[in-house]
Amino acid sequence: VVVVLGNWLHHIGADVAIEAFPREDVTVVGSVCAGRRHEPRLRVEDIRQLGLLGVEAMHLQESMYDEWWLCFKPARLLLGCDAFPHQDECIERLHCGGVVLCFDRHGYALTQDLPMLSLHRAAIVDRQAIAARIRTVLSWDWSTGIGAHPSTKSGDLVARSDIEEYWAWLLDEVNMDEQHSQKIGWRSCARMLCVWRAISKGCAMPLLEPLVP
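Residues numbered from 1 in each chain as written. Predicted model: local features only at pLDDT ≥ 70, side-chain atom pairs only at ≥ 80, totals over all residues. Heavy atoms only, no water.

To continue, consider the environment of Asp 82. Note that Asp 82 resides in the loop between β5 (77–79) and α3 (87–90). Under the relative-accessibility criterion, Asp 82 is labelled buried at 5%. When the C-alpha atoms of Asp 82 and Gly 6 are compared, they prove to be 8.1 Å apart, with 76 residues separating the residues in sequence. A polar side-chain atom of Asp 82 sits 3.0 Å from a polar atom in the side chain of His 149. (Helix = DSSP H or I, 4+ residues; strand = E, 2+ residues; numbered from the N terminus. Buried < 20%, exposed > 50% of the residue type's maximum accessible area, 1.4 Å probe, protein only. Polar contact = N/O pair within 3.5 Å; in protein donor to acceptor, adjacent residues only side chain to side chain.)

Next comes the structure, spelled out in structure tokens:
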């Protein structure tokens, strides 16, 4: 039994599988940071070292989310976590250590023409590195994807074209940083800093703590 910790926030459900099967039959993979935050702490293996047939893995380690994506080749299915389309349709409130954060498409998207929540864009530490990893994922043979928060409006499965559009802001132009920095006002920047500070405080994790050892 392989339990995947999709990113540093997704680990509570691991207990369900760990309690349902003999511990020696369970292998935990994915976010090392999530394993550290779990109580009791979980030993997290690198799924790329397990030799699983029909599975490709990508670690988006240059994001503060410490996110992992998997491609299950037999089903041509991409398994993601939070950095997936349609989150603005399914997430209204995030509860984190007593802190309640409200999300809405136009309030937390720095520019309304971009489908990715600004919370996720702000988490990217190295845009060029993440862009290279996303291009690699797009080169894999898959047709649909599913994230950690399926939309009640759009359904569970996400079309490949939606994922491509979701990341287009990062992939399309080399000078994208300069272009979009002109659209980000000081109020939006201040709001995003407050969001990350609240999440870090609520989760007892420093704002800029490196997620990858």
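Okay, the nonpolar core next. Grouped together as the largest cluster of nonpolar side chains are 23 residues, with contacts concentrated most on Trp 69, Leu 78, Ile 134, Trp 142 and Trp 167. With five residues, helix α6 (residues 127–139) is the single largest residue contributor to this core. When residues no more than four places from it in sequence are discounted, the contact partners of Trp 167 are Trp 69, Ala 83, Met 116, Ile 124, Ile 130 and Ile 134. Counting 10 residues, the second largest nonpolar core, distinct from the first, contains Ile 18, Val 26, Val 28 and Val 44. (Core = buried A, V, L, I, M, F, W, Y, C linked by side-chain atoms within 4.5 Å. Contact = heavy atoms within 4.5 Å.)

Take the sheet that holds β5 next. The sheet built from five strands is open, its strands ordered β3-β4-β5-β8-β9 with mixed pairing. On the outer flanks of this sheet lie β3 (55–60) and β9 (158–159), each paired with one strand and no other. Where strand β4 (residues 67–72) and β5 come together, three bridges link them in antiparallel fashion. Looking at β5, one finds that Leu 70 is bridged to Leu 79. Contacts from α6 reach β3, β4 and β5, with the element oriented near 165 degrees to β3. (Pairing = 2+ DSSP bridges. Axes fitted to C-alpha atoms, helices over the stretch in contact; angles between N-to-C directions.)

What follows concerns α6. In a regular helix each residue adds 1.5 Å, so 13 residues correspond to 18 Å; α6 covers 18 Å between its end C-alpha atoms and thus fits that length. Those residues of α6 not exposed but buried are Ala 129, Ile 130, Ala 131, Arg 133, Ile 134, Val 137 and Leu 138. Where α6 is buried, its residues contact β3, β4, β5, α7 (160–166) and α8 (168–171). The opening residue of α6, the one whose side-chain oxygen lies 3.2 Å from the backbone nitrogen of Gln 128, is Asp 126. (Expected span 1.5 Å × (residues − 1).)

As enumerated under the stated definition, the model contains three aromatic pairs in all. Here Trp 69 and Phe 84 contribute two aromatic rings whose centre-to-centre distance is 5.2 Å and whose plane-to-plane angle is 85 degrees, an arrangement assigned as edge-to-face. Of this pair, Trp 69 sits in strand β4 while Phe 84 sits in the loop between β5 and α3; the two residues are 15 residues apart in sequence, bridging distant segments of the chain. Take Trp 69 and Phe 84: they sit in the same class, and that class is buried. For the ring pair Tyr 166 and Trp 167, a centre distance of 6.0 Å and an interplane angle of 80 degrees mean the geometry is edge-to-face. Taken together, Trp 69, Phe 84, Tyr 166 and Trp 167 form an aromatic cluster joined through their ring pairs. Taking NZ or CZ as reference, Arg 121 lies 6.0 Å from the ring centre of Trp 169, over its face. Over the ring of Trp 142 we find Arg 160; its NZ or CZ atom is 4.4 Å from the centre of that ring. (Phe/Tyr/Trp six-rings, centres within 6.5 Å; stacked < 30°, edge-to-face > 60°. Lys NZ or Arg CZ within 6 Å of the ring centre and 35° of its normal.)

These values are about where atoms sit, not about what they do.
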